[in-house]
Amino acid sequence: MEVDRFAVVLAERMGHPRRNERRSRGERLFDALRDLVEAGDLLAETKLPSERALAEALGLSRGTVASAYLSLTRIGLVERRHGSGSYVRPAGRPTFARWLREGTIVVDLAKSVVPDTTLLPHTSLRVEDLLDSRPSDGYAPAGDPRLRDLIAAHQLPAGFGADDIVISSGAQQAIHLVADALLGPGDRILVESTTYPGMLAAAYRFGAEAIPVPGDRHGFDPDALRSAIRRHRPAYVFSLPVHNPTGAVVSSRRTRAVAEVAVAEGTLLVEDRSLVELTDGPVASAAAHAPELTICLGSLSKSTWGGLRLGWVAAPARVHALLIEAKQRTDLACSTLDQQLAIHLLRDADRPARVREWVATLARRRDHFAAELAEHLPEWEWIPPRGGLSLWARLPGVDGEEFVATALRHGVAVSPGAVFAPISGAAADHVRLSYAWPEPVLSQAVGLLAAAWREARQAGSVPSASPGVTSAHS
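Novice: Just to check I follow, could you spell out the overall build of the chain for this structure?
Specialist: Within the chain one finds 15 helices and 17 strands. In terms of overall size, the chain behaves like a compact globule, its C-alpha atoms giving a radius of gyration of 23 Å where 474 residues would be expected to give roughly 23 Å. The 474 residues of the chain split such that 52% are buried. Sequence-distant contacts, at least 24 apart, represent 74% of the contacts inside the chain between residues at least 6 apart. A total accessible area of about 21,200 Å² is found for the chain, and carbon and sulfur atoms account for 51% of it. When the 53 basic and 55 acidic side-chain charges of the chain are each reduced to a single mean position, those positions are 3 Å apart.

Novice: What is the right way to read the pattern of salt bridges from this model?
Specialist: Close approach of charged atoms allows side chains with opposite charge to pair. All told, the structure shown has 30 salt bridges when counted by the stated rule. A salt bridge links aspartate 108 to lysine 111, with the shortest nitrogen-to-oxygen separation between them at 3.8 Å. Residues aspartate 429 and arginine 394 are paired through a salt bridge, measuring 3.0 Å at the closest nitrogen-oxygen approach. Here the residue aspartate 429 occupies a position in the loop between strand E16 (415–416) and strand E17 (430–434), and arginine 394 occupies one in strand E14 (residues 390–394), the gap between them amounting to 35 residues.

Novice: I keep staring at the sheet that holds E14 and nothing clicks. Help me out?
Specialist: By way of backbone hydrogen bonds, the strands of a sheet pair with one another, either parallel or antiparallel. Strand order in the open sheet made by the four strands is E13-E14-E17-E16, with antiparallel pairing throughout. Two strands close off the open sheet at either side, each with one partner strand: strand E13 (381–382) and E16. The strands touched by helix H14 (residues 400–409) within the sheet are E16 and E17, with E17 carrying the most contacts at an inclination of about 45°.

Novice: Please explain the environment of alanine 333 as it appears in this structure.
Specialist: Of note, alanine 333 is situated in the loop between helix H11 (317–330) and helix H12 (336–347). Given a relative accessible area of 14%, alanine 333 falls into the buried group. With 193 residues separating them in the primary sequence, alanine 333 and alanine 140 have C-alpha atoms 5.6 Å apart. The residues contacting alanine 333, other than those within four sequence positions of it, are Gly138, Tyr139, Ala140, Pro141 and Lys327.

Novice: Where do I start with the environment of arginine 89 in this structure?
Specialist: Relative to the helices and strands, arginine 89 is located in the loop between strand E2 (85–88) and strand E3 (107–108). For the pair arginine 89 and threonine 118, spaced 29 residues apart in sequence, the C-alpha to C-alpha distance is 45 Å. Leave out the neighbours within four places in its chain, and arginine 89 touches Ala44, Gly76, Leu77, Val78 and Glu79.

Novice: Even after reading the chapter, I still don't get the sheet that holds strand E4 (residues 165–168), so can you show me in this structure?
Specialist: With mixed pairing, the seven strands of this open sheet are ordered in space as E4-E12-E11-E10-E9-E5-E6. Strand pairing shows two members of the sheet lacking a second neighbour, E4 and strand E6 (209–213), which therefore form its edges. Pairs of neighbouring strands in the sheet enclose a mean axial angle of 20°, with direction left out of account. Across five bridges, strand E5 (residues 188–192) lies against E6 in parallel orientation. Across the sheet, arginine 188 pairs through a bridge with glutamate 209, a residue of E6.

Novice: Would you mind going over the packing of aromatic side chains with me for this structure?
Specialist: How two aromatic rings sit relative to each other is given by the distance of their centres and the angle of their planes. Going through the model one piece at a time under the given rule, you end up with four aromatic pairs. Judged by centre distance (5.6 Å) and plane angle (85°), the rings of tryptophan 380 and phenylalanine 403 are edge-to-face. On the criterion of sequence distance, the pair formed by tryptophan 380 in the loop between helix H13 (351–376) and E13 and phenylalanine 403 in helix H14 is long-range, its members being 23 residues apart. There is no split in this pair, since tryptophan 380 and phenylalanine 403 are both buried. With 5.5 Å between their ring centres and 75° between their planes, tryptophan 392 and phenylalanine 420 make a pair best called edge-to-face.

Novice: Even after reading the chapter, I still don't get the side chain of aspartate 348, so can you show me in this structure?
Specialist: Relative to the assigned elements, aspartate 348 resides in the loop between H12 and H13. For aspartate 348, the side chain forms a polar contact with the side chain of arginine 354, separated by 2.5 Å. Apart from residues lying up to four places away in sequence, aspartate 348 is in contact with Pro121 and Arg354.

Novice: Hey, could you run me through a nonpolar patch on the surface in this one?
Specialist: Together, Val127, Leu131 and Leu337 make up a nonpolar patch on the protein surface, roughly 300 Å² of accessible area in all. Relative to the assigned elements, valine 127 resides in helix H5 (residues 127–130).

Novice: Help me understand the packing of helix H2 (residues 25–38) against helix H4 (residues 62–74) in this model?
Specialist: A pair of packed helices can be characterised by two numbers: the angle between their axes and the separation between those axes. It is at 9 Å that the axes of H2 and H4 come closest, and there the two elements cross at 45°. On the basis of the axis angle, H2 is oblique to H4. The element H2 and its partner H4 pack so that their crossing is right-handed. Contacts between H2 and H4 involve Arg25, Gly26, Leu29, Phe30, Leu33 and Arg34 on the former and, on the latter, Thr64, Val65, Ala68, Tyr69, Ser71 and Leu72. Of the residues in the contact of H2 with H4, the class split is seven nonpolar, three polar and two charged.

Novice: Looking at this model, I keep getting lost on the nonpolar core. Mind explaining?
Specialist: Soluble, globular proteins show a tendency: their nonpolar side chains are buried together. Counting 74 residues, the largest nonpolar core has Leu10, Leu29, Leu225, Tyr236, Ile295 and Leu323 as its most contacted members. By residue number, the principal contributor to this core is helix H7 (residues 170–182), which donates eight residues. Those residues in contact with tyrosine 236 that sit more than four places away from it in its chain are Val178, Ala179, Leu182, Leu183, Arg188, Ile189, Leu190, Thr267, Leu268 and Val270. Counting residues in hydrophobic clusters, the runner-up holds 44 residues, among them Ala407, Tyr435, Ala445 and Leu448.

Calculation notes
Per chain, the residues get numbers from 1 upward, laid out in the order the sequence is written. Reporting in this predicted model follows two pLDDT cut-offs: at least 70 for local features of residues, and 80 or more for side-chain atom pairs to be given and counted; totals over whole chains, interfaces and linings ignore these cut-offs and use all residues. Calculation of side-chain values draws on the structure's entire complement of heavy atoms; hydrogens and water are dropped beforehand. Counting from the N terminus, the helices are the DSSP runs of H or I reaching at least four residues and the strands are the DSSP runs of E reaching at least two. Every radius of gyration here is taken over C-alpha atoms, with the globule rule written as 2.2 Å times N^0.38, N being the number of residues. Only protein chains enter the accessibility calculation, which uses a 1.4 Å probe. A residue is then buried if its area is under 20% of the maximum for its type, exposed if over 50%, and partly exposed in between. Here, two residues are considered to be in contact whenever any of their heavy atoms come within 4.5 Å of each other. Here the accessible surface of atoms and residues is derived via Shrake-Rupley with a 1.4 Å probe, and residues count as covered only by protein chains that are part of the display. In this charge count, Lys and Arg are treated as positive and Asp and Glu as negative; neither His nor the chain ends contribute. Here the site of a charge means NZ on Lys, CZ on Arg, CG on Asp, or CD on Glu. Throughout this description, the term salt bridge denotes a Lys or Arg side-chain nitrogen within 4 Å of a carboxyl oxygen of Asp or Glu. Paired strands are those between which DSSP finds at least two bridges. A fitted line through C-alpha atoms represents every axis, and for helices the fit uses only the stretch in contact; the resulting angles, taken between N-to-C directions, go from 0 to 180 degrees. Pairing of aromatic rings covers Phe, Tyr and Trp, the last counted by its six-membered ring, and requires centre-to-centre distances within 6.5 Å; plane angles under 30 degrees mean stacked, over 60 mean edge-to-face, and any other angle means tilted. Two N or O atoms form a polar contact when they lie within 3.5 Å of each other; inside protein one atom must be a possible hydrogen donor and the other a possible acceptor, and for residues adjacent in sequence the pair counts only when both atoms belong to side chains. Surface patches are defined over residues having more than 30% relative accessible area and no salt bridge, joining like charges when they lie within 9 Å and nonpolar side chains (Val, Leu, Ile, Met, Phe, Trp, Tyr) when within 5 Å. For this classification, under 35 degrees means roughly parallel, over 145 means roughly antiparallel, 65 to 115 means roughly perpendicular, and everything else is oblique. Each crossing gets its hand from how the near helix is turned against the far one by less than a right angle, where anticlockwise is left-handed and clockwise is right-handed. Only Asp, Glu, Lys and Arg are considered charged in this grouping, and only Ala, Val, Leu, Ile, Met, Phe, Trp, Tyr, Cys and Pro are considered nonpolar; every other residue, Gly among them, is considered polar. What is meant by a nonpolar core is a set of buried Ala, Val, Leu, Ile, Met, Phe, Trp, Tyr and Cys residues, joined one to another through side-chain atoms within 4.5 Å.

Laid out in structure tokens, this is it:
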């Protein structure tokens, strides 16, 4: 690679620091390199210039370049080969993009979403109602105060008030705002062994490393978490009280134990509570035990409709100010129209009943789906989910990503397990399957999955289920 020419390209990508720019030159270099790799402009096996040569060409210190290379290595885009240099990895982190191909899917079980708008109430809202903004110019970085009051009253654990909340464009932006506010290149966060891919993407976007911590169906192992905090000194710990992808629900006892570890170690906890309405009872929060260290986020997407891009993040005062700054850097404020519609939905007296009916519907669909899988795919293993919209299945003897490709040829999309794992190769024999669709659609999906499984077994000589062997779904 010709260093001077490469430096020109990088300098253009880095740009000139904007007014009030928070990123250091090293962070801007990391962003530019990451963008080139992820866009495919730097091909696999490309050898990057030496740290010294690139530093001289860009007029930076060698340490700045070394830090950027190290951050790229930590997030899996670059590998350092002893005695040879730094190279673009042959295969980057797995993503959803290659599996979600419009026009080829008969049944889409890859997206865990509300399938349609049937959970929205009939409304007589007028245009004037949708334009009733606070403030009148529509620019409120924290969001409409009336909406924040409603979220504090109905959607968050006790203890949070309207002034703790920042409205976001869905839970994904809330996750992004937390990462923007708290992370920089080289930082670390602690996560469960499988976690939400959107959170991993946000962490990688800001140059951080996600480190898995052992746990079980009740949540993090408190002793393992304490050891990991002391070893890695993370910016925060990210948890899913109703887990995605497994559908496990954290226990109250485990929540308290994790909060006590956080208090003892002075570590922030970030709870993604997007799925807490989709279970059969209240879901515990660390905010009850560590209010000054707990950040909670959520959205209306899973209980109302994904097309309503409305979420929130609530945080202690010292973090809240950073979130406001991040929101202003991102998009200044959320859509006034979305916020007014959300106010209308949360004021609707019938909303709790509609959510309860949605949870009951999901339970029926889950049970139907599980029965179909047990009948037609007895080799598959899973633990029945207690919440959420998805089932996490292990495919014995088959690579999940390869099966995803096979299933797609048969007309059904599923999510490969690898995208939920912070470590390459982990969960490679798993897939996530949404059961949010009506029962006839789920039956059709299982038929397609069974055909794909037969093809995969023939290709890979996967053994049939043996008599007397009990799978996890039994």
